[in-house]
Amino acid sequence: MAAPVNGPGTDPRAAIAPGTAIPTRRGTELLLLGFAVLITMAAHLIIDITVTGSPGTELATFGLWFSALWVVAHVVVRRFAPYADPLLLPCVAVLSGLGLSMIHRLDIAGTQLGGSSSASVDAPVQLVWATVGLVLFVAVLVIVRDHRALARFAYTLALIGLVLLALPAVLPNSEINGAKLWIRFGGFSIQPGEFAKICLIVFFAAYLVDKRDVLALASRRVLRLELPRGRDLGPVLLAWVASILVLVFERDLGSSLLLFGIFVVMLYVATERASWLVIGLLLFAGGAFVAYQLFSHVRVRVDTWLDPFAYADTGGYQVVQSLFSLGTGGLFGAGLGGGRPDQVPVAKSDFIAAAIGEELGLFGLVAMIVIYLVLVERGLRTSLVVRDGFGKLLAAGLAFSLAWQVFVVLGGVTGLLPLTGLTTPFLAYGGSSLVANFGLVALLVRISDAARRPAATAATTPPRLTDAPTEVVQP
């Protein structure tokens, strides 16, 4: 198979003459971060004035804390990844800021409805989790100076990922809302699957770089698809079995769909064989059909998805309320603080997109999706520009995981897909998801730094055998 080549205009170093300094664009990043903080503070202020009639007493503290997070992140990137893509951090900043503002909005609604003694205030907790995520972000950039070093620990990370994925299924008190996703200890709870996702993506990238030539071999051609050899179906079957086990023992359709989808797409990127996508789709459809026939919780969720109004008083209540919320928002929304997003159950986490759609309308929801698209596009662009095969697959897998998760979550909120229990990255309330996604973005920042860094100053790690080109020498 021919080695992947960069398309025209994808490499930011291409148009710069040799010996000319490549701009780091850190000033652009700082300016955009300031704009993201300004948007967040404006949203916070509008919510306070609309709902309570005056700015909240915690507004100044929140503004200083939130601003300090991104100042620290910017300084660390400037010091340890100076050539990183300047749009990654601002996209994360505006998404997390919008999520904090909407959680604050729901906190106020809960306080007014249930009284200060019975309502939970989660925005400060989410801000603390964002700080923990920043610590992980800094740690990844400081410790991982070259993303290629992660390939040496691929199988160790795979073992860690599988253990994290399996723990909730075997530990007691791990079930919430019918899914076994959590580990609880000392009043805290953590969702290990969020961190398992990153570990497994690193393993997938390293494994596929080593095996891509074998996996790209075709044995026969059927309906214009070049099917792989039967002996090479093993990795896909193992990933399929793992996803089905997650679906069965943890009752978690979201993680099952997410992990299997990531692996199949990374396999397609590595081999450029569309047949892998078809095989993966057929395998998952078959597994889902069998699970629907054998397991009642899967059957209930699918039936509720097909006709949520028939189950409006039971399992379909969330989806029905979400659809009413989006319909109330219309094109332009009720305005921040002007709707009733608290009428949607679990609006702070699973259904925060419905709350945003009600108060910001279709245009606001589409603007949020565009920010995600920019974040994913920069990740995919990094995968095109970076020089090594492992970095290409790792960046593509990380970027696709964000896109796939957003698609699955929004599909559940709008009734396009069954509810999965996944959370909207950076927006939704939840410490595990927020911290893990900060680590994911840190890896993208590290890879983009290697991709944009001038070749003469790039990190000099001894090349691996799989990165070396293959030449045929005629006798």
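Note that the coordinates shown come from a computational prediction; the quantities given were computed from them, not determined experimentally.

J.: If you had to explain the overall build of the chain to someone new, which residues and values would you point to?
T.: Within the chain, the regular secondary structure consists of 14 helices and 6 strands. Relative to its full complement of 475 residues, the chain shows a buried share of 49%. If you sum the accessible surface of the chain, you get close to 21,800 Å²; carbon and sulfur atoms cover 69% of it.

J.: Give me the lowdown on the packing of aromatic side chains, citing residues and values where you can.
T.: If you walk through the whole model with that rule in mind, you get 13 aromatic pairs. Aromatic side chains Phe400 and Trp404 sit 5.8 Å apart centroid to centroid with 15 degrees between the ring planes, which places their arrangement in the stacked category. Taken together, the residues span about one helical turn, with Phe400 and Trp404 both in helix H13 (residues 389-414) at a distance of 4 residues. Three or more aromatic residues link up through ring pairs in this structure, and these residues are Phe62, Phe66, Trp70, Phe426 and Phe438. Its end group placed over the ring of Phe80, Arg79 keeps NZ or CZ at 4.9 Å from the ring centre.

J.: With reference to specific residues and values, describe the pattern of salt bridges.
T.: By the definition in use, this model includes 11 salt bridges. We note a salt bridge from Asp449 to Arg446, for which the minimum N-O separation is 3.4 Å. Note that Asp449 and Arg446 are positioned in helix H14 (residues 431-452) at a spacing of 3 residues, about one turn of the helix. Each member of the pair Asp449 and Arg446 is classed as buried. Among the charged side chains, a network of salt bridges with common partners joins Asp85, Glu377 and Arg378.

J.: I'd like to hear about the nonpolar core, residue by residue, with values.
T.: Trp70, Phe137, Phe390, Leu394 and Val445 are the most contacted members of the largest nonpolar core, which has 121 residues in total. A per-element tally of this core places helix H6 (residues 193-215) first, with 14 residues. Beyond its immediate chain neighbours, meaning those up to four positions away, Leu394 contacts Leu150, Ile201, Val202, Ala205 and Ile447.

J.: Describe the side chain of Glu358, and please don't skip the residues or the numbers.
T.: When you line up the elements, Glu358 lands in helix H12 (residues 352-385). No salt bridge is formed by the buried Glu358, whose closest oppositely charged neighbour, Arg105, lies at an N-O distance of 6.8 Å. Of the polar contacts made by the side chain of Glu358, one reaches the side chain of Ser325; its length is 2.6 Å. Excluding anything up to four places from it in sequence, Glu358 contacts Ser325, Thr328, Gly329, Gly333, Ala334, Gly339, Arg340 and Pro341.

J.: So what about the packing of H12 against H14? Which residues, and what values?
T.: Put simply, H12 and H14 touch, their axes get as near as 9 Å, and they point 45 degrees apart. Judged on the interaxial angle alone, H14 and H12 are oblique. The interaxial crossing formed by H12 with H14 has left-handed handedness. In this structure, H12 contributes Gly379, Arg381, Thr382 and Val385 to the contact, and H14 contributes Leu444, Ile447, Ser448, Ala451 and Arg452. Of the residues that constitute the contact of H12 with H14, the class distribution is 4 nonpolar, 3 polar and 2 charged.

J.: Lay out helix H1 (residues 26-52) with the relevant residues and their values.
T.: For H1, with 27 residues, the first-to-last C-alpha span of 39 Å sits near the 39 Å given by 1.5 Å per residue. Residues Arg26, Glu29, Leu33, Ala36, Val37, Thr40, Met41, Ala43, His44, Ile47, Asp48 and Val51 constitute the buried set of H1. Count one or two residues on from H1 and you reach Gly53, which has phi positive near 90 degrees.

J.: Please give an account of the confidence of the model for the chain that cites residues and values.
T.: Mean pLDDT over the chain works out to 83, with 82% of the residues at or above the 70 mark. The low-confidence segment residues 457-463, where pLDDT is below 50, has 7 contacts with residues more than four positions distant or belonging to other chains.

J.: Can you lay out unusual backbone geometry for me, pointing to particular residues and giving the numbers?
T.: Look at Val346: it is not a glycine, yet its phi comes out positive at around 55 degrees. Positionally, Val346 belongs in the loop between helix H11 (317-329) and H12. Residue classification places Val346 among the partly exposed residues on the basis of a relative accessible area of 35%. One non-glycine residue, Phe426, adopts positive backbone phi at about 70 degrees. Mapped onto the fold, Phe426 is located in the loop between H13 and H14. On the accessibility criterion, Phe426 (2% relative accessible area) is buried.

J.: So, the environment of Val441: which residues are in play, and what are the values?
T.: Mapped onto the elements of the fold, Val441 is located in helix H14. As for Val441 and Leu402, which are separated by 39 residues in sequence, their C-alpha atoms are 9.8 Å apart. With residues up to four places along the chain from it excluded, the contact list for Val441 reads Val92, Phe137 and Phe426.

J.: I'd like a description of the packing of H11 against H12, backed by residues and values.
T.: Helix-helix packing is characterised by the crossing angle of the two axes and by the distance between the axes. The interhelical angle for the contact between H11 and H12, taken along N-to-C directions, is 35 degrees, at an axis separation of 7 Å. Where H11 crosses over H12, the handedness of that crossing is right-handed. Where H11 abuts H12, its residues Ser322, Ser325, Leu326, Thr328 and Gly329 lie against Ala353, Ala354, Gly357, Glu358, Gly361 and Leu365. Class assignment for the residues of the contact of H11 with H12 results in 4 nonpolar, 6 polar and 1 charged.

J.: I'd like a rundown of the side chain of Asp122, residues and numbers included.
T.: Locating Asp122 in the fold gives a position in the loop between helix H3 (88-114) and helix H4 (123-143). Judged by relative accessible area, which is 11%, Asp122 ranks as buried.

J.: Please set out the environment of Phe390 residue by residue, giving values where relevant.
T.: On the secondary structure map, Phe390 appears in helix H13. Along the backbone, Phe390 and Arg148 are 242 residues apart, and their C-alpha atoms lie at a distance of 6.8 Å.

The rules we used
- Residues numbered from 1 in each chain as written.
- Predicted model: local features only at pLDDT ≥ 70, side-chain atom pairs only at ≥ 80, totals over all residues.
- Heavy atoms only, no water.
- Helix = DSSP H or I, 4+ residues; strand = E, 2+ residues; numbered from the N terminus.
- Buried < 20%, exposed > 50% of the residue type's maximum accessible area, 1.4 Å probe, protein only.
- Areas by Shrake-Rupley, 256 points an atom, 1.4 Å probe, with all protein chains shown as cover.
- Phe/Tyr/Trp six-rings, centres within 6.5 Å; stacked < 30°, edge-to-face > 60°.
- Lys NZ or Arg CZ within 6 Å of the ring centre and 35° of its normal.
- Salt bridge = Lys/Arg side-chain N within 4 Å of Asp/Glu carboxyl O.
- Core = buried A, V, L, I, M, F, W, Y, C linked by side-chain atoms within 4.5 Å.
- Contact = heavy atoms within 4.5 Å.
- Lys, Arg positive; Asp, Glu negative; His and termini not counted.
- Polar contact = N/O pair within 3.5 Å; in protein donor to acceptor, adjacent residues only side chain to side chain.
- Axes fitted to C-alpha atoms, helices over the stretch in contact; angles between N-to-C directions.
- Parallel < 35°, antiparallel > 145°, perpendicular 65-115°, else oblique.
- Left-handed = near helix turned anticlockwise from the far one by under 90°.
- Nonpolar A, V, L, I, M, F, W, Y, C, P; charged D, E, K, R; others polar.
- Expected span 1.5 Å × (residues − 1).
- pLDDT = per-residue confidence, 0-100.

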